[in-house]
Structures are given as C-alpha cells and as structure tokens.
Amino acid sequence: MPPLVSDRGRRMPASPIRKLMPLAEAAKARGVRVYHLNIGQPDLETPEPMRRRLAQAPRIFAYSPSVGTPECLATFVEYYRRLGIPLSADELITTTGGSEAVLFALMACANEGDEVLLVEPFYTNYQAFATMAGLRLRPLTCRGEDGFHLPAREAWEGALTPRTRLVLLCNPNNPTGTVYGPEELQAVAAFCREHGLFLVSDEVYREFVYDGRKLVSALALPGFEENVVVVDSLSKRYSACGIRLGCLATRNRDLYLACLRCRSTTARTSPPGCSRTSASAAPPSWWPPPPVSTRPRASARTRCASPTCSSGKTWRPPWTSWPRASPPTARPADSAPCPSRQPARLAPRPPSR
Ligand SMILES: Cc1ncc(COP(=O)(O)O)c(C=O)c1O
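These notes cover the structure that comes with them.

### Side note on the site of the ligand
The full set close to the ligand counts 16 residues, and Gly97, Gly98, Ser99, Ser233 and Ser235 are the nearest of them. Here the element with the most residues in the shell around the ligand is helix 5 (residues 97-109); it accounts for 4 residues. The residue makeup of the shell around the ligand, split by class, is 7 nonpolar, 8 polar and 1 charged.

See below:
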C-alpha cells in the first residue's frame with residue numbers, strides 16, 4: 001500500500017494567487033497584455049544601492065545569527081525610529097519575507113486547535129499559514145458600504161470563543177485597501193487586551209496609503225506592548241519581493257522568545273543571507289520611500305489609486321462606528337479610494353468558504 005500524505009498536507013489550500021500564474025503566462029504568450037492584480041508585486045525598480053550591494057558577496061555564505069545580522073537589525077531599528085517608533089534590536093527578528101513573520105506569530109500566539117479572529121475579505125495566504133500552524137480562522141465580514149472598516153464591537157464579542165487567542169489585522173488591508181484609523185486600531189487593541197488576546201498586525205503595505213494620511217502602526221499604541229506583534233516586509237516597500245526579507249517586531253518578551261524558538265524548531269536557522277546583505281544597503285532616502293503615485297513609472301494600479309473614482313466623485317467611507325454608538329460625520333482625512341478602484345487589491349479575494 002502506498003504511504004498516505006498527512007491530513008495537514010491534504011488540508012493545505014493551493015495558493016489561488018499562484019494558480020493564476022500559468023494562465024497569465026499563457027495569455028502573455030498569445031500577446032495579451034496582462035496586469036497582475038493577483039499578486040502584490042510592485043512594478044518599480046528595486047533601489048539601486050540594494051542591487052549593488054549584492055555584488056559585494058562575502059567569500060563564505062555562512063549561517064547568520066537567528067535574529068538576523070546586527071547590520072540588518074540596525075537597518076530595521078533605524079527604519080522604525082524614523083517612523084517615530086522606538087524599538088531595540090532585541091525586539092526584532094529578521095524573517096524570510098512577511099510570510100514567515102505571519103507564520104511565526106501564529107505559531108507563537110496560539111496552540112493547535114485555537115482560533116484566530118480576522119476580517120474578511122482577507123489575504124488569501126492567511127488560510128495556508130493558519131493550516132500550517134493548526135489554527136482555525138474565524139472571519140468577521142466587512143462590507144463595502146462601510147468602506148470595509150472594522151465591524152462593530154458586538155460582532156467581535158459574538159465571535160469570541162474559549163479558543164480565541166488572537167486577532168489578525170492587515171493594515172492597510174489587502175485586499176480591500178482600507179486603512180484603519182487610530183481610533184479603530186485603539187478599539188481593536190482594547191478588545192484584545194480586555195480578553196487576553198494577541199493583536200497580530202500585518203503592516204507590509206504601510207507605505208501604500210494614497211490620500212496623505214499616515215498609517216498608525218499598532219506598535220505606536222501606548223499600553224498595548226504585551227499584546228501587539230507587528231509583521232513587516234521589504235517586499236512591497238522596496239519593490240523587492242524576490243529577496244524574501246521581512247521582520248517581526250514585538251515588545252512582549254515571552255512572545256519574542258517563542259518566535260525565535262520557532263525559527264529553530266522549523267529548522268530555518270537563519271534568515272536568507274543575500275537578502276539581509278541587500279537589505280542593509282536600503283538607502284535612507286527611501287525611509288520612507290516617495291509616495292508611489294509620484295514615482296515616474298506609475299503603474300496601472302497606481303493610477304487606479306486615485307482617491308477619485310471614475311464618476312469624478314471622491315468616495316468617503318464612514319469613519320468606524322466602533323466603539324461609538326453612531327458614526328460621526330466623515331472627516332476629510334478619512335477619505336479613501338473608491339473600493340471598486342482600490343490600489344491594494346493585490347491578491348485575489350479568498351475563495352468563499
Ligand atoms: C497582506 C500580506 N501580508 C504578507 C504578505 C507576504 O509578504 P512577503 O512577500 O514579504 O512574504 C503579503 C504578500 O503579498 C501580503 O499581501
């Protein structure tokens with residue numbers, strides 16, 4: 001009898017993002033122009049100093065410290081410092097893209113069989129990460145009419161079970177493009193603190209905000225240090241998806257150490273060598289990089305990012321109604337792109353489940 005693959009292996013969902021790739025390649029071969037909205041890969045050049053640094057290869061590609069090299073960690077520390085977020089090197093772990101950071105966070109925050117609250121539509125690979133970590137996703141639906149802002153507190157309370165361990169938030173959100181404001185973020189963090197949950201904030205699209213607002217990182221919320229873990233990536237910020245470098249940041253010491261152990265238990269030993277070399281050459285003038293819409297090679301997606309929809313009207317989502325009973329009037333700063341022309345629709349919607 002042939003051996004059987006594991007239940008986990010069977011449950012692992014095939015990536016709907018990757019599924020589209022051969023179809024796109026076949027269409028291109030037929031001469032069709034393809035815009036890759038299925039994958040979050042900017043079409044800008046990776047900064048030249050990062051590419052140049054790769055030419056200075058070390059004589060030996062050795063294992064690095066599990067957390068990443070001091071040089072690479074210093075680059076991250078400086079990046080967050082410029083954002084006004086003081087972090088020390090021992091609150092950061094260099095990871096293989098944001099993907100590994102999400103996986104480590106899930107593995108360290110919850111036990112097998114535990115549940116993760118998140119809003120849907122969500123980044124489709126979250127399902128695969130949760131399956132790898134043995135966790136169950138419990139999605140709360142967000143609605144276009146509300147600008148895909150977070151559901152009311154009652155909805156979160158209603159979804160809570162004894163197995164809930166964390167909230168996984170993607171801000172700015174992929175795929176909806178919604179940017180959660182400080183009040184909204186504060187409210188979800190308070191919900192987490194009150195119920196002893198972790199807040200895993202995926203901020204890989206931090207710079208992809210098109211209406212002049214500045215994203216408030218979950219790391220910048222005072223009083224939630226024990227709850228918050230941020231997952232981050234160089235992929236989008238530097239148009240460097242292929243170097244596979246990201247990081248995980250938390251001030252919760254136990255969680256930090258657990259994430260670090262995940263690196264050795266998953267036999268990953270150290271982050272990718274060439275990438276961390278390249279990352280440490282990331283030019284300070286790109287901290288943060290110029291707004292995408294002002295870069296010379298504006299892509300189709302960038303043009304779609306205009307806060308004005310095709311009708312010429314600016315679409316303003318209502319400010320979150322949570323935790324208030326009734327939403328206040330939308331403020332100018334709350335305007336966002338029309339959901340039908342969202343910039344961050346970089347991955348397909350997850351399959352309906
Ligand atoms: C929301 C979100 N988080 C994480 C990732 C993973 O990024 P990375 O390429 O750095 O692994 C992606 C990639 O598309 C993403 O869209």
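### Observations concerning the packing of helix 5 against helix 6 (residues 125-133)
Look at helix 5 against helix 6: their axes get within 9 Å of each other, and the N-to-C directions meet at 45 degrees. In terms of their interaxial angle, helix 5 and helix 6 are classed as oblique. Where helix 5 crosses over helix 6, the two elements pack in a sense that is right-handed. Contact with helix 5, carried on its side by Ser99, Val102, Leu103, Leu106 and Met107, involves Asn125, Phe129, Ala130, Met132 and Ala133 of helix 6 and no other residues of that element. Taken together, the residues of the contact of helix 5 with helix 6 sort by class into 8 nonpolar, 2 polar and no charged.

### Let's talk about unusual backbone geometry
A cis amide bond links Glu120 with the next residue in sequence, Pro121, at an omega value of 5 degrees. Structurally, Pro121 can be placed in the loop between strand 2 (115-120) and helix 6. Between Asn174 and Pro175 the backbone carries a cis peptide bond, its omega angle lying at 20 degrees. Relative to the helices and strands, Pro175 resides in the loop between strand 4 (164-170) and helix 8 (182-194). Even without being a glycine, Arg244 presents a positive backbone phi close to 60 degrees. You can see Arg244 is positioned in the loop between strand 6 (228-233) and strand 7 (246-250). Taking the C-beta count within 10 Å as the criterion, Arg244 has 19 such neighbours and is therefore assigned partly exposed.

### Side note on helix 5
Along its 13 residues, helix 5 runs 19 Å from first to last C-alpha, staying within 8% of the 18 Å computed at 1.5 Å per residue. Most of helix 5 sits out of view: 12 of its 13 residues are buried. If you check which residues of helix 5 are buried, you get Gly97, Gly98, Glu100, Ala101, Val102, Leu103, Phe104, Ala105, Leu106, Met107, Ala108 and Cys109.

### Section: the sheet that holds strand 5 (residues 198-202)
Pairing is mixed in the open sheet, where 7 strands are placed in the order 1-7-6-5-4-2-3. Each edge of the open sheet is held by one strand with a lone partner, namely strand 1 (92-95) and strand 3 (136-141). Here the strands of the sheet are splayed against their neighbours by 20 degrees on average, with no regard to which way each runs. Bridge analysis of strand 6 against strand 7 gives 5 bridges, and the strand direction is antiparallel. Residue pairing for strand 7: Asp232 is matched across the bridge by Cys247. Running at roughly 160 degrees to strand 6, helix 5 makes contact with strand 1, strand 2, strand 4, strand 5, strand 6 and strand 7 of the sheet. Its contacts with the sheet put helix 6 on strand 2, strand 3 and strand 4, and the angle it makes with strand 3 is roughly 150 degrees.

About the cut-offs
- Residues numbered from 1 in each chain as written.
- Predicted model: local features only at pLDDT ≥ 70, side-chain atom pairs only at ≥ 80, totals over all residues.
- Near = placed C-beta within 6 Å.
- Helix = DSSP H or I, 4+ residues; strand = E, 2+ residues; numbered from the N terminus.
- Nonpolar A, V, L, I, M, F, W, Y, C, P; charged D, E, K, R; others polar.
- Axes fitted to C-alpha atoms, helices over the stretch in contact; angles between N-to-C directions.
- Parallel < 35°, antiparallel > 145°, perpendicular 65-115°, else oblique.
- Left-handed = near helix turned anticlockwise from the far one by under 90°.
- Contact = placed C-beta atoms within 7 Å.
- Buried ≥ 20, exposed ≤ 12 C-beta atoms within 10 Å, placed from the backbone.
- Expected span 1.5 Å × (residues − 1).
- Pairing = 2+ DSSP bridges.

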